[in-house]
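Spelled out from the first residue to the last, the chains are:
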Amino acid sequence: MFPIHHLEDDELQRIRIACAFLFSPDQARDDLFLKNLKLEHVTKAFREKAKRYHPDLHRHEPREMLEKRKERFIKIRDSYDILKHYFPEEEVRATADEGAVLRRVIAVGGAKGGIGKSIFAANLGILLSAAGHRTVLVDLDLGGANLHLYLGTTSLGSCINDFLTRRIPRLEDAMTSTRYGPQLIGGDSSQFGAANISFATKMKLLRSLKQIEADYIILDLGGDTSYNIIDFFLAADVGVVMATCDPAAYLEAYNFIKVALYRKLSRLFGEESDIGMDKDVELANLIAKLTKPEEGGSDGVANIVELRNRIRTEQPRNLFLINQVLRSFSPKLVINMVEDQSNTDAVVWRIQEVAEKMLCTKVDFVGSLPFDGEIKRSARDLVPAVARAPHGYYSLSLSRIAASLGLKVRGI
Ligand SMILES: Nc1ncnc2c1ncn2[C@@H]1O[C@H](COP(=O)(O)OP(=O)(O)O)[C@@H](O)[C@H]1O
Ligand SMILES: [Mg+2]
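Procedures and definitions
Residues numbered from 1 in each chain as written. Chains lettered and ligands numbered in written order. Predicted model: local features only at pLDDT ≥ 70, side-chain atom pairs only at ≥ 80, totals over all residues. Heavy atoms only, no water. Buried < 20%, exposed > 50% of the residue type's maximum accessible area, 1.4 Å probe, protein only. Helix = DSSP H or I, 4+ residues; strand = E, 2+ residues; numbered from the N terminus. Phe/Tyr/Trp six-rings, centres within 6.5 Å; stacked < 30°, edge-to-face > 60°. Arc of directions from axis to C-beta. Contact = heavy atoms within 4.5 Å. Polar contact = N/O pair within 3.5 Å; in protein donor to acceptor, adjacent residues only side chain to side chain.

Our focus in this paragraph is helix H16 (residues 319-328). Here H16 lies mainly inside the structure; seven of its 10 residues are buried. Residues Leu 319, Phe 320, Leu 321, Ile 322, Gln 324, Val 325 and Leu 326 constitute the buried set of H16.

Here is the structure:
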């Protein structure tokens with residue numbers, strides 16, 4: 001399946017390394033093996049290796065062994081991520097039935113406040129928990145924390161702020177059980193300066209989030225585009241961007257996607273990099289011309305298309321790298337509060353078209369949720385929508401979205 005004769009040397013090399021992790025070094029060197037590789041082989045190999053190395057499946061082992069397994073598992077997961085991008089997304093989604101292993105951290109971000117992100121996060125968490133998955137919801141809207149209310153909880157014991165201010169040593173100590181299934185790490189924005197956390201604190205929080213023992217961890221983000229929010233979004237395995245058909249909301253959602261991609265590019269090298277390669281100064285400078293135009297002088301780069309063209313002509317060795325970043329950036333779009341489906345189609349089409357044209361990014365539309373007048377009441381009565389009306393239109397639409405995201409919930 002791999003068109004290996006059309007690939008740049010560096011790209012082919014990456015594919016071979018990924019294959020060495022998932023299959024064997026001999027197979028990775030074999031051109032015929034690569035040419036005939038199918039998604040089902042890749043997925044099967046991934047699952048087998050994931051079972052062998054996933055730290056959650058070997059919890060009884062000594063810490064040192066577990067660390068080794070974890071390192072290996074991350075390499076295996078990254079290899080799978082590299083290879084699966086060469087297959088059509090629908091095919092990949094259809095085979096992703098072991099979602100717990102493949103997709104763990106789900107972030108919900110998008111347009112600014114009041115468009116239903118927290119209600120979506122809470123109800124998705126309840127659905128996943130009802131399907132038997134260990135699910136933890138985390139309120140990362142540090143300036144406007146209210147997720148607990150949507151889970152029927154009015155008062156929290158400890159919360160995330162206690163971890164950030166070191167009043168409690170472990171993030172798990174802030175976890176509370178909720179009436180509707182999921183565990184919750186709630187927030188308290190009444191604490192002064194809650195939204196302003198330092199780089200070191202953010203990194204500590206990210207590390208702790210990834211170590212939570214759960215099948216799914218859902219991050220409910222604030223709707224602005226501050227670096228902290230965007231970094232939580234980028235740290236997730238699945239990034240949901242929410243909008244409504246209101247022009248301000250969909251423009252904000254597009255802007256959220258753009259800022260996230262620019263941030264991902266500007267962090268290509270350095271402490272938060274996903275690729276762990278030595279810094280290529282020339283490439284870093286070119287990216288800065290796009291992402292930090294205020295520092296760039298007159299020789300700026302206007303958009304991603306231009307960035308890619310400049311890389312193609314000035315530093316073709318880096319083309320594969322930039323293509324990989326673009327391919328691995330796959331925001332999932334949800335439209336909420338829909339009253340007229342034809343508006344949704346137009347909004348989705350607009351966001352997708354502009355993202356494709358300006359950002360070379362494929363925005364994956366995973367579904368819409370209806371406007372439901374009962375939802376306000378449900379929030380007031382502290383009874384989540386999926387519990388109040390499990391067979392209602394909102395619940396049904398949410399289940400469909402979960403399925404589109406490759407998550408297993410009941411009743412679909
Ligand atoms: N599908 C929907 N239909 C009707 N009202 C909704 C819907 N989703 C959310 N809302 C309402 O929107 C308001 C904001 O929701 P919330 O989840 O807190 O937004 P955000 O997290 O984006 O700030 C709530 O009052 C809620 O009742
Ligand atoms: Mg919210």
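Turning our attention to the packing of aromatic side chains. Summed over all chains, the structure comprises three aromatic pairs. Each ring, one from Phe 23 and one from Phe 33, has its centre 5.1 Å from the other, and the planes form 75 degrees; the classification is edge-to-face. Residue Phe 23 is located in the loop between helix H1 (9-22) and helix H2 (25-29), and its partner Phe 33 is located in helix H3 (residues 31-35); the two are separated by 10 residues in the primary sequence. On the accessibility criterion, Phe 23 (16% relative accessible area) is buried. Aromatic pair Phe 46 and Tyr 80: ring centres 4.3 Å apart, planes at 15 degrees, arrangement stacked. Of this pair, Phe 46 sits in helix H4 (residues 39-53) while Tyr 80 sits in helix H5 (residues 63-84), and the two are 34 residues apart along the sequence. We note that Phe 46, like Tyr 80, is buried.

Every buried residue belonging to helix H15 (residues 304-314) is among Ile 304, Leu 307, Arg 310 and Ile 311, and all of these are buried. Axial view of H15: buried residues confined to an arc of 120 degrees, hence all on one face. In this fold, the buried residues of H15 make contact with helix H13 (247-266), helix H14 (281-291), H16 and helix H17 (341-359). Two or three places before Val 305, at the start of H15, stands the capping residue Asn 303, its side-chain oxygen 3.1 Å from that residue's backbone nitrogen.

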